[in-house]
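# Notes for the structure review
Below are the chains, spelled out letter by letter.
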Amino acid sequence: MSTALRRTIFLILLLVAWEAGYRLFDWGWKFPSATQTFQAFYDGFVHGQLLEATLQSIKRLLLSFLIAITVGTVLGFLFARYRLIDDTIGFLVVALQTIPSIAWLPFAIIWFGMNDFSVIFITTLGATWTMAMSSRTGIKNIPAIYTKAALTLGTGNGFRMFYQIMVPAAFPHMMTGVRVAWAFAWRALVAGELIARGVGLGQLLQDGRSLGDTALMLCIVIIIAVLGTISDHFCFKRLEDKLLVRYGLAGPSKS
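Residues numbered from 1 in each chain as written. Predicted model: local features only at pLDDT ≥ 70, side-chain atom pairs only at ≥ 80, totals over all residues. Heavy atoms only, no water.

## Side note on the nonpolar core
If you look at the biggest cluster of nonpolar residues, it comprises 42 residues, and the most contacted ones within it are Leu50, Ile139, Trp186, Leu201 and Ile220. Counting only elements with at least two residues in this core, the list comes to helix H2 (34–46), helix H3 (50–81), helix H6 (116–140), helix H8 (159–195), helix H9 (201–211) and helix H10 (214–246). The element best represented in this core is H8, accounting for 15 residues. The residues touching leucine 50, leaving out its near neighbours within four places in the chain, are Ala40, Phe41, Gly44, Phe45, Leu204, Leu216, Cys219, Ile220 and Ile223. Listed in part, the eight residues of the second largest apolar core include Val93, Leu96, Leu125 and Trp129. (Core = buried A, V, L, I, M, F, W, Y, C linked by side-chain atoms within 4.5 Å. Buried < 20%, exposed > 50% of the residue type's maximum accessible area, 1.4 Å probe, protein only. Helix = DSSP H or I, 4+ residues; strand = E, 2+ residues; numbered from the N terminus. Contact = heavy atoms within 4.5 Å.)

What follows is the structure in C-alpha cells.
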C-alpha cells in the first residue's frame, strides 16, 4: 500500500470519526462538525473573504520571509567570520531569539500603526533570529579546505567568498533553519493579524471568534496547516533532499 493511499484512508476515517463524535457527544457550537466545516469552506471561498484573506496573508508572509532569510543569512556570515561581532551582536541575537515576536507588536503599532508594516515587522523578527543562528552554525561547520582552496584561486575574503563558497557550502545545514524560520514566520504572522487591521487569516480568525463562528475559525486553522504542510513537503523538503544528495550526505531517492 502506497503512502498516499494510506494517508487518504486515514483522512477518510478521521472525517467519519469527527462527524460521528459531533453527533454522538453533541458538541453544539463549541466545535463544528465536518459537514459544518465543509459548508463554511464553501461559503467562505464563494461568498466570503477566505480567498482574499489567504492571498493577503501569503503576500505578507513571503515578503517577511524573504527579508528574514536575507538578513539572517548575512548576520550568520558576520557571526561566523568575525569574533568581535559574534561576541557582541551574536550574544544579543541569542537573547532576542528567546523573546516571542508577538511581544514586539505593541512597539510595532506605536512605530508603524495598526497596518501591514506592523505585521510584516513582527513576522520578519519571528524568522530572522532563527535563520541567523542556523546560518552561523552552517558556516562555522564548513571544512577549512573549502575556504583555503577558494583563497588560493583568488576569491578573496569579501562578498565573492560569501555568495560563491560559504552560502552554497552551508546550504545543507541552513535548510533546517529555513524550515524552522518558515514555521516561526507563520506563527508570528497570524498572531500579528489577530490584532492589526486589514484583511488576513488572523483578522478573519478574530472575526470568527467575535461572532462565535467556530466553523470559520476551524477553516482558517486548517488552511494554515495545509499551506504549511504543502510548502514544507513540496518546496523545502525536496530542496533539502536535493542538496543532501548533491553534497554527498545522502543517497539519491528511489522515488
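## With respect to helix H4 (residues 83–97)
Its 15 residues place the ends of H4 19 Å apart at the C-alpha level, agreeing with the 21 Å of an ideal helix rising 1.5 Å per residue. Isoleucine 89 marks where H4 bends most, by close to 35°. What H4 keeps buried is the set Asp86, Gly90, Val93 and Leu96. (Expected span 1.5 Å × (residues − 1). Bend = angle between axes of the 7 residues up to and from the residue.)

## Things to note about unusual backbone geometry
The bulk of non-glycine residues show a negative phi, and the bulk of peptide bonds are trans. Phi angles above zero are rare outside glycine, and aspartate 26 is one such case at about 55°. You can see aspartate 26 is positioned in the loop between helix H1 (3–25) and H2. We classify aspartate 26 as exposed; its relative accessible area is 63%.

## Overview of the packing of helix H5 (residues 105–112) against H6
For the pair H5 and H6, the least separation of the axes is 9 Å and the interaxial angle reads 140°. One finds that H5 runs oblique with respect to H6. Crossing of H5 against H6: the hand is right-handed. Residues Leu105, Ala108, Ile109, Trp111 and Phe112 of H5 form the contact with H6, whose own contacting residues are Phe117, Ser118, Phe121 and Ile122. Grouping the amino acids of the contact of H5 with H6 by side-chain chemistry returns eight nonpolar, one polar and no charged. (Axes fitted to C-alpha atoms, helices over the stretch in contact; angles between N-to-C directions. Parallel < 35°, antiparallel > 145°, perpendicular 65-115°, else oblique. Left-handed = near helix turned anticlockwise from the far one by under 90°. Nonpolar A, V, L, I, M, F, W, Y, C, P; charged D, E, K, R; others polar.)

## Side note on the pattern of salt bridges
Using the criterion set out here, one finds six salt bridges in the structure. Here arginine 23 makes a salt bridge to glutamate 19, at a shortest N to O gap of 2.9 Å. Here glutamate 19 and arginine 23 lie together in helix H1, a separation of four residues that amounts to about one turn. Using a relative accessible area of 61% as the deciding quantity, one classes arginine 23 as exposed. Taking relative accessible area as the criterion, glutamate 19 reaches 14% and is therefore assigned buried. When the shortest N-O distance is used, the salt bridge between aspartate 232 and arginine 179 registers 2.9 Å. Here the residue aspartate 232 occupies a position in helix H10, and arginine 179 occupies one in helix H8, the gap between them amounting to 53 residues. A cluster of three or more residues bridged by salt bridges with shared partners is formed by Arg60, Asp116 and Glu193. (Salt bridge = Lys/Arg side-chain N within 4 Å of Asp/Glu carboxyl O.)

## What about a nonpolar patch on the surface?
The grouping of Tyr42, Phe45, Val46, Leu51 and Leu55 at the surface amounts to a nonpolar patch, some 480 Å² of accessible area in total. Residue assignment for the nonpolar patch shows that the elements contributing at least two residues are H2 and H3. With three residues, the single largest contributor to the nonpolar patch is H2. By the secondary structure assignment, phenylalanine 45 is in helix H2. (Patch = residues over 30% accessible without salt bridge, like charges linked within 9 Å, V, L, I, M, F, W, Y side chains within 5 Å. Areas by Shrake-Rupley, 256 points an atom, 1.4 Å probe, with all protein chains shown as cover.)

## Thoughts on the layout of surface pockets
In this model, the largest pocket occupies a volume close to 700 Å³. Lining the largest pocket are 20 residues, and of these Arg7, Leu11, Ile222, Val226 and Thr229 lie nearest its centre. Mapped onto the lining of the largest pocket, the elements with two or more residues apiece are H1, H2 and H10. (1 Å grid on protein atoms, 1.4 Å probe; cavity = no way out; pocket = protein on both sides within 12 Å on 5 of 7 lines; lining within 4 Å. Points joined across faces, edges and corners; volume = space filled by probe spheres on them.)

## As for the packing of aromatic side chains
The geometry of an aromatic ring pair is captured by the separation of the ring centres together with the interplanar angle, meaning the angle of the planes. The tally for this structure, following the rule as stated, stands at 13 aromatic pairs. An angle of 85° between the planes, with centres 5.7 Å apart, marks the rings of tryptophan 27 and phenylalanine 31 as edge-to-face. Phenylalanine 31 gets classed as partly exposed once you look at its relative accessible area, which sits at 36%. Measuring from ring centre to ring centre gives 4.9 Å for phenylalanine 65 and tryptophan 182, while their planes differ by 80°; the resulting arrangement is edge-to-face. Of the two residues, phenylalanine 65 is situated in helix H3 and tryptophan 182 in helix H8; the sequence distance between them amounts to 117 residues. Accessibility classification places phenylalanine 65 together with tryptophan 182 in one group, the buried group. Chaining the aromatic ring pairs together yields one cluster made of Trp104, Phe107, Trp111, Phe112 and Phe121. (Phe/Tyr/Trp six-rings, centres within 6.5 Å; stacked < 30°, edge-to-face > 60°.)

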